[in-house]
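Fold and contact review
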Amino acid sequence: MVKKIRTPTSCIFTILATLVIAAGCKSVVERQDVRPRVLRDVPSQNLAYRLTPDTTPPTTTIEADDLLEKVEAIATEFSTKRTDDALLRTVKSPDGRRVLAVYAAADEPGAAFRIDLYNAEGQFLRNVIPPDLSCYFPETVSWSPDGNFINFIARKRAAANPTPTPPPDVLPDPSLSPLPSPSVAPVFAPVASFSTEQIYISNRDGYDLKPLTAREGLIYFYFAWAPDGHALVALACKEEEWTERERQSRTPAGRPRLIMLDGSERLLDDGLTEALPVWSSDASKVATAFNTDVAIYDTGSNKPTQARIALRDQLISASIAYDEAAARKAAPSPSGSPQSQGASATASPAPSPASTREPASFNPIIRLEWPSPERLYFQTAYVRLRPIEAFTFPRWHLLSLSAQAAILK
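For clarity, every value in this text was computed on a predicted model and none was experimentally measured. (Residues numbered from 1 in each chain as written. Predicted model: local features only at pLDDT ≥ 70, side-chain atom pairs only at ≥ 80, totals over all residues. Heavy atoms only, no water.)

Of the pairings in the sheet, the one linking strand β19 (residues 365-372) to strand β20 (residues 375-384) comprises five bridges and is antiparallel in character. Opposite Ile365, over in β20, you have Thr380 as the bridge partner. (Pairing = 2+ DSSP bridges. Helix = DSSP H or I, 4+ residues; strand = E, 2+ residues; numbered from the N terminus.)

What follows is the structure, encoded as structure tokens:
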């Protein structure tokens, strides 16, 4: 008689549980037998997209005038008591309890400015900037998303011209007591400074100030916090590159970099871009643009990927339709009045390779907004800096993002 061997039920469950746990430990990013539950799990290189040209602007768009709004109590303080200083903007902390006052001081040259800390009621708390630093790019002054840090861009302050020694007949009498100083300057701990603009960080009280970047010769002219506060994305260029573009009256361009809170950096791309990088709302990716290409980078993966979405042909096709619709709208109708037909983004096919003239409204990408993981907006326009700064043919477009289809096992 053959005796059957029975595997205990508990052993079977143990084996199955082990297999399930092992499968679960493998990253969703690396598996092809499941669909990601959220878009943040999809590597940039596996994103699919659909372009919707000439759409309405995103509701999250912040206009330049919004950056110039000022807290009334602080604005009154400057207009009545600090008349030698010009208030440029105020920046509220996320909890609204503290405010940074960004102002041009009489003793600061050119575009340099300083920062003071106030409370929400307009009461001065302290100076934030040491006397040997000068701040630049006032639009970048910001709080971290949790309100625990203050950030700005600064460089070593230019040395003041020495005061000539007065002639002997006007030297002060050493027997006389010196006049008392009307005020006592704040005491600052020593802070490293550089000859080119770097990103600085302090705590919410304005103390523990230190440079977050320390790359002499690079000019950091833009940065933005991740929505979850784990890192910053920045643009930086070499000093000679900045000077050359300034000489040509071109907008600044830099290489996108990911900067962690410990000061470590990851260069995202070696190409120069004029489009300021933006974070996805889930803080998993960063996007910028190179001419008519949109570039997307992973920020939180051990094996980060990147994607380059080439949109030139589709944007040319949309621009042809846009220009034709604009021409029809401007042309007089049989009754003698201009037609009112709107622009269609899909009316005309893409031009043939033999085309020699680009549509008038076909321009590079100058701005991006990423209000939700699946919706990435970008604006195309022609930017003229001189003699008068202006935008020609500003148009918003939408990239709808999703995961590429995968063969399921």
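In this structure the tally under the stated criterion is eight aromatic pairs. For the pair Phe137 and Phe221, a centre-to-centre distance of 6.5 Å together with 55° between the ring planes defines the contact as tilted. One end of the pair, Phe137, is in the loop between β6 (133-136) and β7 (142-143); the other, Phe221, is in strand β11 (residues 218-225), with 84 residues separating them in the sequence. Relative to Trp242, the ring of Phe221 has its centre 5.5 Å away and its plane inclined at 55°; by these criteria the two rings are tilted. (Phe/Tyr/Trp six-rings, centres within 6.5 Å; stacked < 30°, edge-to-face > 60°.)

The strand order across the open sheet built from four strands is β11-β12-β13-β14, with neighbouring strands paired in antiparallel fashion. On the outer flanks of this sheet lie β11 and β14 (265-267), each paired with one strand and no other. Shown here is a sheet whose adjacent strand axes are inclined to one another by a mean of 30°, direction ignored. Pairing between β11 and strand β12 (residues 231-238): seven bridges, direction antiparallel. Bridge assignment links Ile219 to a residue of β12, and that residue is Cys237. On the sheet, helix α4 (residues 239-247) packs against β11, β12 and β13 (255-260) and is oriented at approximately 70° with respect to β12. (Axes fitted to C-alpha atoms, helices over the stretch in contact; angles between N-to-C directions. Contact = heavy atoms within 4.5 Å.)

What follows covers the pattern of salt bridges. Throughout the structure, instances matching the rule amount to 19 salt bridges. Among the charged side chains, a network of salt bridges with common partners joins Asp107, Glu108, Arg114 and Arg157. (Salt bridge = Lys/Arg side-chain N within 4 Å of Asp/Glu carboxyl O.)

Attention now goes to the side chain of Asn151. As for its position among the elements, Asn151 is in strand β8 (residues 149-156). Polar contacts involving the side chain of Asn151 include one to the side chain of Trp225, which spans 2.9 Å. In contact with Asn151, other than residues within four places in its own chain, are Thr140, Val141, Ser142, Ile199, Tyr200, Ile201, Leu212, Phe223, Trp225 and Leu232. (Polar contact = N/O pair within 3.5 Å; in protein donor to acceptor, adjacent residues only side chain to side chain.)

Turning our attention to the sheet that holds strand β3 (residues 98-104). Pairing is antiparallel across the open sheet formed by four strands, whose spatial order is β2-β3-β4-β5. Either end of the sheet is taken by a strand with one partner, and the two such strands are β2 (86-92) and β5 (124-127). Ignoring which end each strand starts from, the neighbouring axes of this sheet average 25° apart. Sheet topology note: the β3/strand β4 (residues 114-119) ladder contains six bridges and is antiparallel. Each bridged residue has a counterpart across the sheet, and for Ala101 the counterpart in β4 is Asp116.

Here the focus is the nonpolar core. Membership of the largest hydrophobic core comes to 33 residues, with the highest contact counts inside it found for Ile199, Tyr220, Phe221 and Trp279. Among the elements that line this core, the one with the most residues is β11, at eight residues. Val294, Leu315, Leu368 and Phe378 belong to the second largest nonpolar core, which has 22 residues in total. (Core = buried A, V, L, I, M, F, W, Y, C linked by side-chain atoms within 4.5 Å. Buried < 20%, exposed > 50% of the residue type's maximum accessible area, 1.4 Å probe, protein only.)

Considering every residue of the protein chain, the mean pLDDT works out to 84; 75% of them sit at 70 or more. Predicted confidence is poor over residues 1-30, with pLDDT under 50, and the contacts of this stretch with residues over four places away or in other chains come to ten contacts. Long-range and interchain partners of residues 340-354, a stretch whose pLDDT sits below 50, account for 27 contacts in this model, where long-range means more than four residues apart. (pLDDT = per-residue confidence, 0-100.)

Next up on the list: the pairing of β20. Within a regular strand, side chains alternate between the sheet's two faces. As consecutive antiparallel partners, β19 and β20 are separated by two residues. Hairpin connection from β20 to strand β21 (residues 390-403): five residues lie between these consecutive antiparallel strands.

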